[in-house]
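Close look at the chain arrangement
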Amino acid sequence: MTEPLRVALAGLGTVGAGVVRLLETNGELIARRAGRPIEVVAVSARDRNKDRGIDISRFDWIDDPAELARHARADVVVELVGGSDGPALALARAALGAGKNFVTANKAMIAHHGLELAGAAETAGVALKYEAAVAGGIPVIKGLREGAAANVISRVYGILNGTCNFILSKMEAEGRDFDDILSEAQALGYAEADPGFDIDGVDAAHKLSILASLAFGAQPAFADVATTGVRHVIAADIAEAASLGYRVRLLGIADASGEKLFQRVHPYLVPLDHPLAHVTGSTNAVVAEGNYVGRLLFQGAGAGDGPTASAVVADLIDIARGEFGPPYAMPVDSLAAMAPADTGERRGRDYLRFTVADKVGVLAEIAAAMRDAGVSIESLMQRGAMADGSVLVAIVTHEGPERCVAAALEKLRGSPSLVGEPMWMHILGS
Ligand SMILES: NC(=O)c1ccc[n+]([C@@H]2O[C@H](COP(=O)([O-])OP(=O)(O)OC[C@H]3O[C@@H](n4cnc5c(N)ncnc54)[C@H](OP(=O)(O)O)[C@@H]3O)[C@@H](O)[C@H]2O)c1
């Protein structure tokens, strides 16, 4: 067998320790598949003495992760520290600058700095691989970069955050409200103590912007992802959706037309006959629609030490084989700078929920705002008084432009008839 591929590994937390374990457990098979062994030679983390359940005594310990880039024996640097900037970015720049192959699971860093890093990898003629950054163990980057590379992709979308999907599916199964399930998820360790990145949709937006670049040959534009999380979904929304034949899912959706790129993370009503309606718990799923291949569905575990390590090591195997192409499936120079699409003209059906005061004329006021804005109502449900005496009104619209719905909501803004903010969810179309 030829020389091993030697790895310098920054970060020995959930994923980093998972990578060490995986390489130990499946090392022999991986060596046969890769054509050579893959060996960790050096590691870095914050605390040298922490018990991680793995033996790191045989690796060189390096205090400063950026120093791994200069490790003489390392062929590839793996970054599993996290954070869009800070030590992760310093290491990425140093490694690529030193001509080392680079592997990361860091969606925040790739979403913010992917273009710069891809340019640096191209200049150095080395690999920049990030399979684990999107949907954990699911080989969706490989699927888009390689398997679907012959297709014009019309749309890429999916369930990109396991914490949100866990919460929404539990709300649905148990009829409980968001805050209640979030506290339970935190107690069980399924949600971070500071869950903002997950439940406000930021994590899904990072992943979506990476998928959009790959799918549409677009320069990454994370700042253009319109992002809404799931904090304001209530149990009654989920019950209404169910009665109408839908499930509520936090989706990231991207499509491209002309030179315009649409990217949105938002809770959607997903029809029960769509596969994404049946993705429950912390599972992730991504759909890509290609002009020759049709609809592709990638589904699996989006997080966890095992699945994420599986994706990291798959990248290492590609590097060991010498099989890697441009990080975004085409040279950086070929990526188009695409302006954000105007969402006002997007057509679709929508779900609107109002919590209103229980008094005469409220329904007429809402209906008038819809009529004046040109929104056509397909169905309207009113549910009796809630605990605080307010009434829930849910509306499904006929297909129409989003600007009309926005105008209707604007008309109702500040109305004394409304208790709290209305909820607007789009209905996933085919
Ligand atoms: N966890 C998942 O399921 C998952 C899934 C997909 C992608 N990812 C991505 O994978 C990356 C790692 O996630 P994780 O869950 O493994 O994180 P984690 O468990 O928090 O581990 C982070 C590791 O980085 C080390 N570290 C943190 N700050 C450092 C610093 N300033 N200098 C040196 N080392 C530092 C920590 O050292 P100590 O251990 O000594 O504190 C720890 O070993 C992130 O980018 C994350 O987004 C994670």
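Residues numbered from 1 in each chain as written. Predicted model: local features only at pLDDT ≥ 70, side-chain atom pairs only at ≥ 80, totals over all residues. Heavy atoms only, no water.

Take the environment of G252 next. As for its position among the elements, G252 is in strand 9 (residues 246-257). In this structure G252 comes out as buried when scored by relative accessible area, which is 0%. In this structure the C-alpha to C-alpha distance between G252 and A69, which are 183 residues apart in sequence, comes to 34 Å. When sequence neighbours within four positions are dropped, the list of residues in contact with G252 reads V156, Y157, G158, L160, L208, R264 and V265. (Helix = DSSP H or I, 4+ residues; strand = E, 2+ residues; numbered from the N terminus. Buried < 20%, exposed > 50% of the residue type's maximum accessible area, 1.4 Å probe, protein only. Contact = heavy atoms within 4.5 Å.)

Applying the stated criterion across every chain yields a total of 33 salt bridges. Across the pair E172 and R249 runs a salt bridge, and its minimum N-O distance is 3.4 Å. Of the two residues, E172 is situated in helix 6 (residues 162-174) and R249 in strand 9; the sequence distance between them amounts to 77 residues. Given the relative accessible area of 0%, R249 is considered buried. Between R231 and D200 there is a salt bridge whose closest N-O contact spans 2.6 Å. Of the two residues, R231 sits in the loop between strand 8 (226-227) and helix 10 (235-244) while D200 sits in the loop between helix 8 (196-199) and helix 9 (202-216), which places them 31 residues apart along the sequence. One network of salt bridges, with partners in common, ties together K129, K142, R145, E146, D315, D318 and R321. (Salt bridge = Lys/Arg side-chain N within 4 Å of Asp/Glu carboxyl O.)

Look at helix 12 (residues 362-373) against helix 13 (residues 402-412): their axes get within 8 Å of each other, and the N-to-C directions meet at 140 degrees. By the angle between their axes, helix 12 is oblique relative to helix 13. Judged by the sense of rotation from one axis to the other, the crossing of helix 12 with helix 13 is right-handed. Residues E365, I366, A369, M370, D372 and A373 of helix 12 pack against C404, A407, A408, K411 and L412 of helix 13. Tallied by class, the residues present in the contact of helix 12 with helix 13 amount to 8 nonpolar, no polar and 3 charged. (Axes fitted to C-alpha atoms, helices over the stretch in contact; angles between N-to-C directions. Parallel < 35°, antiparallel > 145°, perpendicular 65-115°, else oblique. Left-handed = near helix turned anticlockwise from the far one by under 90°. Nonpolar A, V, L, I, M, F, W, Y, C, P; charged D, E, K, R; others polar.)

Taken together, 22 residues surround the ligand, and among them L12, V15, D47, R52 and G304 come closest. Between the ligand and the protein, one listed contact pairs an oxygen atom with a backbone N or O atom of V15 at 2.8 Å. For the ligand, whose accessible area on its own is 900 Å², the fraction buried by protein is 78%. Classifying every residue of the shell around the ligand gives 10 nonpolar, 7 polar and 5 charged. (Near = heavy atom within 4 Å. Polar contact = N/O pair within 3.5 Å; in protein donor to acceptor, adjacent residues only side chain to side chain. Areas by Shrake-Rupley, 256 points an atom, 1.4 Å probe, with all protein chains shown as cover.)

It is worth spelling out the environment of L352 at this point. Residue placement: L352 occurs in strand 15 (residues 350-356). For L352, a relative accessible area of 0% gives the class buried. Distance from L352 to N49, taken between C-alpha atoms, is 54 Å for residues 303 residues apart in sequence. Look past the residues within four positions of L352 in its chain and what remains in contact with it is M370, V393, A394, I395, T397, V405, L409, M423 and W424.

Below, the discussion takes up the sheet that holds strand 2 (residues 38-44). With respect to topology, 6 strands assemble into an open sheet ordered 3-2-1-4-5-6, the strand pairing being parallel. Each edge of the open sheet carries a strand with a single partner, namely strand 3 (60-61) and strand 6 (128-129). Sheet analysis places strand 5 (residues 101-104) next to strand 6, joined by 2 bridges and oriented parallel. By the bridge assignment for strand 6, F102 is matched with L128. (Pairing = 2+ DSSP bridges.)

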